[in-house]
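Coordinate inspection notes
Take a look at the letters that make up each chain.
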Amino acid sequence: MKKITMMFAAVICCAMTAIVFSSCGDDESPAATDRTPVAAAMEYKMELGDQMLALFNMTIEYYDSDGTLKSEPMTQNTWTKKVRAKLPVTLGMRVRGQVKPGVDIDSQEKIFCSYGYSCNGYAVSATDLVVGNIENNGSSTSYEVSSETKAEWVQHIISGFAGFLVDFDANGRATSSRWK
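As a starting point, this report considers the structure included with it. The structure presented is a predicted model; accordingly, all values stated were derived computationally and were not measured.

Further remarks concern the nonpolar core. Formed by 40 residues in total, the largest nonpolar core has its most connected members in Tyr-44, Met-46, Met-58, Leu-91, Met-93 and Phe-161. Elements represented by at least two residues in this core include exactly strand 1 (39–48), helix 2 (50–55), strand 2 (56–63), strand 4 (78–86), strand 5 (89–99), strand 6 (111–124), helix 3 (150–159) and strand 8 (162–168). Ignoring anything within four residues of it in the chain, the contact list for Met-58 reads Leu-48, Met-52, Leu-53, Glu-72, Pro-73, Met-74, Val-95, Arg-96, Gly-97, Ile-157 and Phe-161.

The sheet built from four strands is open, its strands ordered 4-1-6-7 with antiparallel pairing. Taken across any chain shown, the strands that pair with only one partner, and hence form the sheet edges, are strand 4 and strand 7 (130–145). Within the sheet, the average angular offset between the axes of one strand and its neighbour, ignoring direction, is 10°. Here strand 1 pairs with strand 6 via 10 bridges, running antiparallel. For Lys-45, the partnering residue across the bridge sits in strand 6 and is Ser-118.

A separate point is helix 3. Within the sequence span of helix 3, burial applies to Lys-150, Trp-153, Val-154 and Ile-157. One side of helix 3 carries all its buried residues, which in axial view fall inside an arc of 100°. Away from its buried face by more than 90 degrees, helix 3 exposes Ala-151 and Glu-152. Where helix 3 is buried, its residues touch helix 2, strand 2, strand 5, strand 6 and strand 7.

Tallied over the entire structure, the rule returns seven aromatic pairs. Between Phe-56 and Trp-153, the ring centres sit 5.4 Å apart and the planes meet at 75°, which makes this aromatic pair edge-to-face. Of the two residues, Phe-56 is situated in strand 2 and Trp-153 in helix 3; the sequence distance between them amounts to 97 residues. Taking relative accessible area as the criterion, Trp-153 reaches 5% and is therefore assigned buried. Taking the centre distance of 5.5 Å and the plane angle of 50° together, the rings of Tyr-62 and Trp-79 count as tilted. Of this pair, Tyr-62 sits in strand 2 while Trp-79 sits in strand 4; the two residues are 17 residues apart in sequence, bridging distant segments of the chain. The structure contains a cluster of three or more aromatic residues connected by ring pairs, namely Tyr-44, Tyr-62, Trp-79, Tyr-117 and Phe-164.

How each quantity is defined
- Residues numbered from 1 in each chain as written.
- Predicted model: local features only at pLDDT ≥ 70, side-chain atom pairs only at ≥ 80, totals over all residues.
- Heavy atoms only, no water.
- Core = buried A, V, L, I, M, F, W, Y, C linked by side-chain atoms within 4.5 Å.
- Buried < 20%, exposed > 50% of the residue type's maximum accessible area, 1.4 Å probe, protein only.
- Helix = DSSP H or I, 4+ residues; strand = E, 2+ residues; numbered from the N terminus.
- Contact = heavy atoms within 4.5 Å.
- Pairing = 2+ DSSP bridges.
- Axes fitted to C-alpha atoms, helices over the stretch in contact; angles between N-to-C directions.
- Arc of directions from axis to C-beta.
- Phe/Tyr/Trp six-rings, centres within 6.5 Å; stacked < 30°, edge-to-face > 60°.

Okay, here's the thing in structure tokens:
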């Protein structure tokens with residue numbers, strides 16, 4: 001009798017174990033795999049050479065997470081920012097400079113211009129899955145400014161020498177455009 005009771009207990013134990021393990025299916029909820037775009041994410045980055053920072057007060061204008069145009073001074077060689085905004089939205093950045101007080105550009109024997117910028121924009125779902133296309137914009141350059149082109153170059157820096165915009169529609173599709 002004791003043998004039968006132990007056998008019965010073992011069978012019950014095995015059955016319970018099978019039930020427990022078989023109920024451990026995929027717990028991923030439909031919300032975790034939802035690919036519906038709800039927001040746009042943008043990663044901004046700007047790098048400037050030392051001489052550009054020494055000659056100019058640099059300003060970065062960018063669209064922030066609330067979709068408004070913000071402005072920040074660039075006081076170090078590298079500036080980065082990440083934003084997330086509800087769709088539809090336009091995101092982007094532009095870099096401008098003003099000659100620093102007391103700096104005489106004409107007296108500069110050589111001006112070495114170097115900068116690089118990048119932007120990565122994409123739509124995301126409520127669970128931060130990247131959905132839709134990714135828009136990458138960027139450029140880097142370095143060159144020496146000649147004495148004949150100094151005035152033209154300074155005007156280029158003042159008016160905004162690097163800039164891009166990305167328009168995200170309500171479905172998360174992104175298209176690049178330019179500052180007007």
